[in-house]
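Spelled out from the first residue to the last, the chains are:
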Amino acid sequence: MNPRGYLDLIRADSDRLLLAAARNPGGAVPSCPGWTALDVVRHVGEVYEHKVLCMELGREPHGDERVSQPDAASDVMAWFTALRDTLLHRLAALGPERKSHTWFPPDQTVGFWFRRMAHETAVHRVDVELSCGQETPLALEFAVDGVDEFLGFLTHDFGDGSEHLEGADRTVALCCGGRQWSVTLRETQVERAAEGAVPDARIEGEPGDLLLHLWGRLPADSRSLVSSGDATVLAALQYRLGQETQ
């Protein structure tokens, strides 16, 4: 996807998020147990503010450099909108090639934040819409891109994986939108599968459903999702997904 497309999606999905939250700010968010719609707005606003500082400072911001949230619930929507607009302005002004601090070692550019903030906003927009009993579908190309992004995180060795022997050295294929990604489970991490590796299990479905499943928003085998193959391997993958999204 092109950078301009990410900016457009951040604006469109953040507008939808605000609209849904305004309908029922105290509504429970089923995909984020214990959170209300307003809690999600506060969280995403904090994320935007943090990423602006990462780009401006070139490092992780200190606590005393952060901006406090408004106390009054009535002020949260305007606070969020101002932070969203600041984020969009900074991304557009810097451009995707500029260096930036990020939490993902392979990509230390502003371009990482273009993509990450678009997907962050989209998933949390779905969260808030679910609190109102509605959901705007994710665009196919964008959802495929989100699956690709997620699997990049899942297969990067951050050095903090816990040992999990179940399913070790077995391979899972994930399929959507005419694409397939294969990953091999190891004792402490997940790796891209070797060329030509035969999968022991598969998960396939519509791109939006697969993306929401990977981020813990949809259970396995719901909607269009179909799992097949070795149940032990599928369970081991679910454990790793849970670690990635906790």
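What counts, and at which threshold
- Residues numbered from 1 in each chain as written.
- Predicted model: local features only at pLDDT ≥ 70, side-chain atom pairs only at ≥ 80, totals over all residues.
- Heavy atoms only, no water.
- Helix = DSSP H or I, 4+ residues; strand = E, 2+ residues; numbered from the N terminus.
- Expected span 1.5 Å × (residues − 1).
- Buried < 20%, exposed > 50% of the residue type's maximum accessible area, 1.4 Å probe, protein only.
- Arc of directions from axis to C-beta.
- Contact = heavy atoms within 4.5 Å.
- Pairing = 2+ DSSP bridges.
- Axes fitted to C-alpha atoms, helices over the stretch in contact; angles between N-to-C directions.
- Phe/Tyr/Trp six-rings, centres within 6.5 Å; stacked < 30°, edge-to-face > 60°.
- Salt bridge = Lys/Arg side-chain N within 4 Å of Asp/Glu carboxyl O.

1. Description of helix H3 (residues 76-94)
Turning to step 1, where the next piece is worked out: Compared with the 27 Å implied by 1.5 Å per residue over 19 residues, the 27 Å span of H3 between its first and last C-alpha is a close match.
Turning to step 2, where the next piece is worked out: Within H3, the full set of buried residues consists of Val-76, Trp-79, Phe-80, Leu-83, Arg-84, Leu-87, Leu-88, Leu-91 and Leu-94. Here the buried residues of H3 occupy an arc of 165 degrees about the axis, which is enough to place them on one side. Residues Ala-78 and His-89 are exposed on H3 and point more than 90 degrees away from its buried face.

2. Observations regarding the side chain of Glu-120
Turning to step 1, where the next piece is worked out: Along the polypeptide, Glu-120 turns up in helix H4 (residues 110-131).
Turning to step 2, where the next piece is worked out: Setting aside residues no more than four positions away along its own chain, Glu-120 makes contact with His-43 and Val-47.

3. Points about the sheet that holds strand E3 (residues 190-192)
Turning to step 1, where the next piece is worked out: What the five strands build is an open sheet, ordered E3-E2-E1-E4-E5; its pairing is mixed. The sheet is open, and its two edges are formed by E3 and strand E5 (226-229), each paired on a single side. Neighbour-to-neighbour, the strand axes of the sheet open up by a mean angle of 25 degrees, direction not taken into account.
Turning to step 2, where the next piece is worked out: Note: strand E4 (residues 201-204) against E5, four bridges, orientation antiparallel. In the strand pairing of E5, Ala-201 is matched with Gly-229.
Turning to step 3, where the next piece is worked out: Contacts between helix H5 (residues 140-154) and the sheet are confined to strand E1 (171-176), strand E2 (179-185) and E3, with E2 contributing the most and set at about 15 degrees to the helix.
Turning to step 4, where the next piece is worked out: Set on the sheet, helix H7 (residues 231-245) makes contact with E1, E2, E3, E4 and E5; between it and E4 the angle comes to about 60 degrees.

4. Some points on the packing of aromatic side chains
Turning to step 1, where the next piece is worked out: Here the structure, examined in full by the defined rule, presents eleven aromatic pairs.
Turning to step 2, where the next piece is worked out: Ring centres of Phe-104 and Phe-153 lie 5.1 Å apart, and the angle between their planes is 80 degrees; this geometry places the pair in the edge-to-face category. A residue pair is termed long-range when its members are at least 10 positions apart, and Phe-104 in the loop between H3 and H4 and Phe-153 in helix H5 qualify at 49 residues.
Turning to step 3, where the next piece is worked out: Linked through ring pairs, Trp-103, Phe-104, Phe-112, Trp-113, Phe-153 and Phe-158 together constitute an aromatic cluster.

5. Some words on the pattern of salt bridges
Turning to step 1, where the next piece is worked out: One pass over the structure, following the stated rule, counts 23 salt bridges.
Turning to step 2, where the next piece is worked out: For Asp-85, the salt bridge is made with Arg-84, and the minimal N-O distance between the two is 2.7 Å.
Turning to step 3, where the next piece is worked out: Its salt-bridge partner being Arg-116, residue Glu-149 comes within 2.8 Å of it at the nearest N-O pair. Pair noted here: Glu-149 is in helix H5 and Arg-116 is in helix H4, with a separation of 33 residues, a long-range link.
Turning to step 4, where the next piece is worked out: Under the relative-accessibility criterion, Glu-149 is labelled buried at 3%.
Turning to step 5, where the next piece is worked out: In this structure Arg-116 comes out as buried when scored by relative accessible area, which is 5%.
Turning to step 6, where the next piece is worked out: In the salt-bridge network here, residues are joined through shared partners; they are Arg-11, Asp-15, Arg-84 and Asp-85.

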